[in-house]
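Analysis of the macromolecular model
Here is what each chain is made of, one letter per residue.
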Amino acid sequence: MRVLVAFGTTEGQTGKIAEAIASQVRGMGHEVEVFDTTGLQGDLNPELCDKIIVAASVHEQGHQESVEVFVAANRKTLQAKPTMFVSVSLAAAFEGGMADAQGYADAFFDDLDWRPSQSLLIAGAVRHGAYGYYKEHILEHVVLQDRELDNPESDHEFTDWTFLARAIKEFVGV
Ligand SMILES: Cc1cc2nc3c(=O)[nH]c(=O)nc-3n(C[C@H](O)[C@H](O)[C@H](O)COP(=O)(O)O)c2cc1C
C-alpha cells in the first residue's frame, strides 16, 4: 500500500508528528510519501496513493493556509479515498480545551467542504525558542490564558505519542 502524509507546520511539531507517522507506517511495511505543503512543489500525485493523512496545526484558531490549498486542490481525490485529518493544537492538551480543538477542525472541514473518513485531535507543543515577542504574547494571553504550566519558561511537548500510534495503526490497518 502507498500512504501519503501531507502536512503543514509553523514551529515544527506537526513536522515531527508527520515524520513519526511516516516512520511507523514504513515499519508496517508500506510505502510512504511525506509532503510538506509549504513547499507546494514536486510531482506528487495523491491519486496514486491508497490512503491519505493530512496534518496541520492551529494558530490563532485556524490551520495553515498551505494545507487548506492542498485540500482544496485535491478535494475530489480526498473524497474518494480513506483519509485522516490530524489537527494539532494546544487546546487539545487541556481537558477543558477539547471543544475548542474540535471547533477548529470542524471550521476547517466546513470552510473546505471536506469530510475526512477520520479525524484526530492531537496536543502540540510550546517552543519558546521559535517565538518572537508577538507570538509569545499571543501564546500567553490568548492561547494559554489562565492555564498554568509547570516551569512556564521551559519548552513543553504535550503530544501523546502512544495515542497517535494506536490511531494510525487502526487507520492504516495491517
Ligand atoms: C502564535 C500562536 C498562536 C496559536 N494559536 C493557537 C490557537 O488559537 N489555539 C490552539 O489550540 N493552539 C494555538 N497555538 C498552539 C499551537 O497549535 C501549538 O504550539 C502547535 O504545537 C504548533 O504546531 P507546529 O509546531 O506544527 O506549528 C498557537 C501557537 C502560537 C505560537
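The following paragraphs examine the structure supplied in this document.

Scanning the protein from N- to C-terminus turns up six helices and eight strands. When the helices and strands of the protein are read in sequence order from the N terminus, they spell out β-α-β-β-β-α-α-β-α-β-β-α-β-α. What you see for the protein is a C-alpha radius of gyration of 16 Å, in line with the 16 Å of a compact globule of 174 residues. Its C-alpha atoms give the protein principal-axis dimensions of about 45 × 30 × 30 Å. For the protein, buried positions account for 45% of its 174 residues. Restricting the contact set of the protein to residue pairs at least 6 apart, pairs at least 24 apart contribute 80%. Just so you have it, the protein exposes about 9200 Å², and 47% of that area is on carbon and sulfur atoms.

Time to look at the pairing of strand 6 (residues 118–123). Alignment of strand 5 (residues 83–89) against strand 6, held across six bridges, turns out to be parallel. Each residue of the ladder has a partner; that of M84, found in strand 6, is Q118. The parallel pair strand 5 and strand 6 is bridged by helix 4 (residues 98–112), and the resulting crossover is right-handed.

Now for the site of the ligand. Taken together, the neighbourhood of the ligand is formed by 23 residues, with T9, T10, T14, V58 and A125 sitting nearest. Taking E11, its main chain carries an N or O atom lying 2.9 Å from an oxygen atom of the ligand. Here an oxygen atom of the ligand and a backbone polar atom of L90 are 3.2 Å apart. Protein contacts shield 98% of the accessible area of the ligand, which totals 640 Å² for the unbound molecule. Taken atom by atom, the bulk of the ligand overlaps the largest pocket. If you list the elements that add at least two residues to the shell around the ligand, you get helix 1 (13–27), strand 3 (51–59), strand 5 and helix 5 (133–144). Tallying contributions element by element places helix 5 first for the shell around the ligand, with four residues. Tallied by class, residues from the shell around the ligand come to 10 nonpolar, 10 polar and three charged.

What follows covers the pairing of strand 1 (residues 2–7). Taking burial as the measure, the six residues of strand 1 include five buried ones, the bulk of the element. Taken together, the six bridges between strand 1 and strand 2 (residues 31–36) define a ladder with parallel strand orientation. Note that in strand 2 the partner of L4 across the bridge is E33. Running through helix 1, the crossover from strand 1 to the neighbouring parallel element strand 2 is right-handed. When strand 1 meets strand 3, the two strands line up parallel, connected through five bridges. Pairing of V3 across the sheet is with K51, part of strand 3.

This brings us to the nonpolar core. By size, the foremost hydrophobic cluster in this structure holds 23 residues, and its most contacted members are V54, F70, V71, L78, F85, F108 and W114. Counting residues per element, the ones that place at least two in this core are strand 1, strand 3, helix 2 (65–73) and helix 4. Among residues more than four places away in sequence, those in contact with F70 are L4, A6, F35, T37, L44, P46, V54 and L78. Listed in part, the 21 residues of the second largest apolar core include F7, A22, V32 and M84.

Parameters at a glance
Residues numbered from 1 in each chain as written. Predicted model: local features only at pLDDT ≥ 70, side-chain atom pairs only at ≥ 80, totals over all residues. Heavy atoms only, no water. Helix = DSSP H or I, 4+ residues; strand = E, 2+ residues; numbered from the N terminus. Rg over C-alpha atoms; globule rule 2.2 N^0.38 Å. Buried < 20%, exposed > 50% of the residue type's maximum accessible area, 1.4 Å probe, protein only. Contact = heavy atoms within 4.5 Å. Areas by Shrake-Rupley, 256 points an atom, 1.4 Å probe, with all protein chains shown as cover. Pairing = 2+ DSSP bridges. Right-handed = clockwise from strand over helix to strand, strands pointing away. Near = heavy atom within 4 Å. Polar contact = N/O pair within 3.5 Å; in protein donor to acceptor, adjacent residues only side chain to side chain. 1 Å grid on protein atoms, 1.4 Å probe; cavity = no way out; pocket = protein on both sides within 12 Å on 5 of 7 lines; lining within 4 Å. Sits in = over half its atoms within 2 Å of the grid points. Nonpolar A, V, L, I, M, F, W, Y, C, P; charged D, E, K, R; others polar. Core = buried A, V, L, I, M, F, W, Y, C linked by side-chain atoms within 4.5 Å.

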